Amino acid sequence: MTDDVRTIVLVAVAAVVFAVLGWYVRTYLWRRRLRRRQAFFGLPENSETLLVVNREASGPELSVTRHDVLALLELAPLIKECGAHAQIVAHDGAQQGFGERTEFCVGGPAVNRRLAAHMHSMLPGVRINTEPEPGPDRSAFQIGGERYRMEPGKTEYVLLARLTAEQAHGDRPVFLFCSQRAIGNPAATRYLAVNHERLARKHGANSFVLLLRVVNSGAYGPDVVELVADVTKAAHTPLPPPRNSHRAA
C-alpha cells in the first residue's frame, strides 16, 4: 500500500469515526434535553395530559373560544415533543383529583371552575376580582400587598404558574394560565413555549408563579409579553381579610 493510499484510508476512517462520534453526541444531547423537558412538564413517553378550557357560552357542546384555540396551539408542540397524548376537556367536566396527570388550565377563575379550584387550594396569596360590574378594579389581581389593574387594549396581566401540592394523588404538575382578558391566554402559553428550558433550569421540578404583562394588545395582540415579577412567595402566603391595596407601579 502506497503512502497516498494509506493517507486516503486513514482520512476516510477518521471521517467515519468523527461522524459516528458526532451523531452519538448529538443524540445524547437531544435525549438529555428531552428528559429535562419531560421532567419539567411531567410528561414521560406515552403519558396523558388534560387541556382544561372554559366552555363558550353559545351552547352546551364544548366549543373553544378563539383565544383559547391559539393558546392550545402553543401547547400542542410541547406535548407532542414529549411523546405524550392530550385530551381537551371543559372546565366543568374534569371532576377528578390532580397529580395523576399533568394539567394545563387556561382561562380565568370567573369562567374556568377547575382553575379557580386550583388557585383556591394552592395559591392562597392571590385574590382576583371576578365581579362583573365595570370599574377600575374589574378583573384586578391582588398578589400579596400589590394590586394589578388592567387597562384593556393597553396593559393586561396574566399569571403563569407551575404547581404541585402535597395533597395531590401523584407528582404531575398543574400549569395555570390565568388572565384578566382572554388575549392573555395565548400570550402566557407562548411565553412558556419560548422560555420553558430557561424556566426548567431555574426552577427544576419546583412550583413557581410568574406575573406577566401583555403590552398594547390593541396593536400587537398577544405577541408582546414581558415578565413583571416572580411572585411565587407572595402567591403562596395567605392573604389577610380583604382591604384596600395600592396599585402596583
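Cut-offs applied
- Residues numbered from 1 in each chain as written.
- Predicted model: local features only at pLDDT ≥ 70, side-chain atom pairs only at ≥ 80, totals over all residues.
- Heavy atoms only, no water.
- Buried < 20%, exposed > 50% of the residue type's maximum accessible area, 1.4 Å probe, protein only.
- Helix = DSSP H or I, 4+ residues; strand = E, 2+ residues; numbered from the N terminus.
- Pairing = 2+ DSSP bridges.
- Expected span 1.5 Å × (residues − 1).
- Bend = angle between axes of the 7 residues up to and from the residue.
- Phe/Tyr/Trp six-rings, centres within 6.5 Å; stacked < 30°, edge-to-face > 60°.
- Salt bridge = Lys/Arg side-chain N within 4 Å of Asp/Glu carboxyl O.
- Axes fitted to C-alpha atoms, helices over the stretch in contact; angles between N-to-C directions.
- Core = buried A, V, L, I, M, F, W, Y, C linked by side-chain atoms within 4.5 Å.
- Contact = heavy atoms within 4.5 Å.

A.B. asks: I'm lost on the pairing of strand β3 (residues 102-107) in this one. Help?
C.D. replies: On a regular strand, each side chain points to the face opposite its neighbour's, so the side chains alternate between the two faces of the sheet. Summarising burial for β3: six of the six residues are buried, a large majority. The alternating pattern of β3 places T102, F104 and V106 on one face and E103, C105 and G107 on the opposite face, and all of these are buried. Relative to β3, strand β1 (residues 48-53) runs parallel, the two being bridged by four bridges. Paired with L51 across the two strands is F104, which belongs to β3.

A.B. asks: What should I look at first to understand helix α4 (residues 184-203) in this one?
C.D. replies: Along an α-helix, residues three or four apart share an orientation, since each turn contains 3.6 residues. End to end, α4 covers just 23 Å across 20 residues, shorter than the expected 28 Å (1.5 Å per residue, more than 12% under). The principal kink in α4, of about 70°, is found at N195.

A.B. asks: Mind showing me how you'd approach unusual backbone geometry here?
C.D. replies: Negative phi values dominate among residues other than glycine, just as trans dominates among peptide bonds. Positive phi values are uncommon outside glycine, yet S139 reaches one of about 65°. With respect to the element layout, S139 can be found in the loop between β4 (126-128) and β5 (141-143). One non-glycine residue, N216, lies in the positive phi region at around 50°. With respect to the helices and strands, the residue N216 is situated in the loop between β9 (208-215) and α5 (217-220).

A.B. asks: What should I look at first to understand the packing of aromatic side chains in this one?
C.D. replies: The geometry of two aromatic rings is summed up by the distance between their centres and the angle between their planes. On inspection of all chains with the given rule, the structure shows seven aromatic pairs. Ring centres 5.1 Å apart and planes at 15° place the aromatic pair F104 and F175 in the stacked group. Taken together, the residues span a long stretch of sequence, with F104 in strand β3 and F175 in strand β8 (residues 174-179) at a distance of 71 residues. Through successive ring pairs, a cluster of aromatic residues spans F40, F41, F104, F175 and F208.

A.B. asks: What is the right way to read the pattern of salt bridges from this model?
C.D. replies: Two side chains bearing opposite charge may form a pair once their charged atoms approach each other closely. Counting across every chain of the model gives 10 salt bridges. Taking the shortest distance from any N to any O, the salt bridge between R190 and E74 comes out at 2.9 Å. Here R190, found in helix α4, pairs with E74, found in helix α2 (residues 66-81); they are 116 residues apart in sequence, far enough to count as distant. With a relative accessible area of 26%, R190 lands in the partly exposed category. As a salt-bridge pair, R147 and D137 come within 3.2 Å of each other at their nearest N and O atoms. Placement of the pair is R147 in strand β6 (residues 146-148) and D137 in the loop between β4 and β5, with a sequence separation of 10 residues. Judged by relative accessible area, which is 14%, R147 ranks as buried. Connected through shared salt-bridge partners, R37, E81 and E197 make up one network.

A.B. asks: For this particular structure, what's the right way to read the sheet that holds β6?
C.D. replies: Remark on secondary structure: sheet strands pair via backbone hydrogen bonds, oriented parallel or antiparallel. A sheet is described by the order of its strands in space; here three strands give the open sequence β4-β5-β6, paired in antiparallel fashion. Strands at the two margins of the open sheet, each flanked by one partner only, are β4 and β6. This sheet shows a mean twist of 20° between the axes of neighbouring strands, independent of strand direction. Where β4 meets β5, three bridges bridge the pair, whose relative direction is antiparallel.

A.B. asks: It is not clear to me how the nonpolar core should be interpreted in this structure. Could you clarify?
C.D. replies: Side chains of nonpolar character tend, in soluble globular proteins, to be buried together. Residues F41, F104, L160, F177 and L192 are the most contacted members of the largest nonpolar core, which totals 28 residues. Listed by contribution, the elements that provide at least two residues to this core are α1 (3-41), β1, α2, β3, β7 (155-163), β8, α4 and β9. Here this core gets six residues from one element, more than from any other, and that element is α4. Once residues within four sequence positions are removed from consideration, F104 is found in contact with F41, L43, T49, L50, L51, V52, L75, I79, F175 and F177. The next biggest cluster of nonpolar side chains, apart from the first, holds 26 residues, and it includes V52, L115, M119 and C178.

A.B. asks: Sorry, what's going on with the side chain of T102 here?
C.D. replies: Following the sequence through the fold, T102 ends up in strand β3. Judged by relative accessible area, T102 falls into the buried class, the value being 0%. Excluding anything up to four places from it in sequence, T102 contacts F41, G42, L43, E48, T49, L50, R172, P173 and F175.

A.B. asks: Could you clarify how one ought to interpret the sheet that holds β1 in this entry?
C.D. replies: Read from one edge of the open sheet, seven strands run β2-β1-β3-β8-β7-β9-β10, paired in mixed fashion. Each of the sheet's edge strands pairs with one partner strand only, and the pair in question is β2 (85-90) and β10 (225-230). On average, each strand axis in the sheet is inclined to that of its neighbour by 20°, with strand direction left out of account. Across six bridges, β1 lies against β2 in parallel orientation. Residue pairing for β2: L51 is matched across the bridge by I88. Sheet strands in contact with α2 are β1, β2, β3 and β8, and its direction is about 170° off that of β1.

Interpretation note: all reported values are geometric properties and have no functional meaning in isolation.
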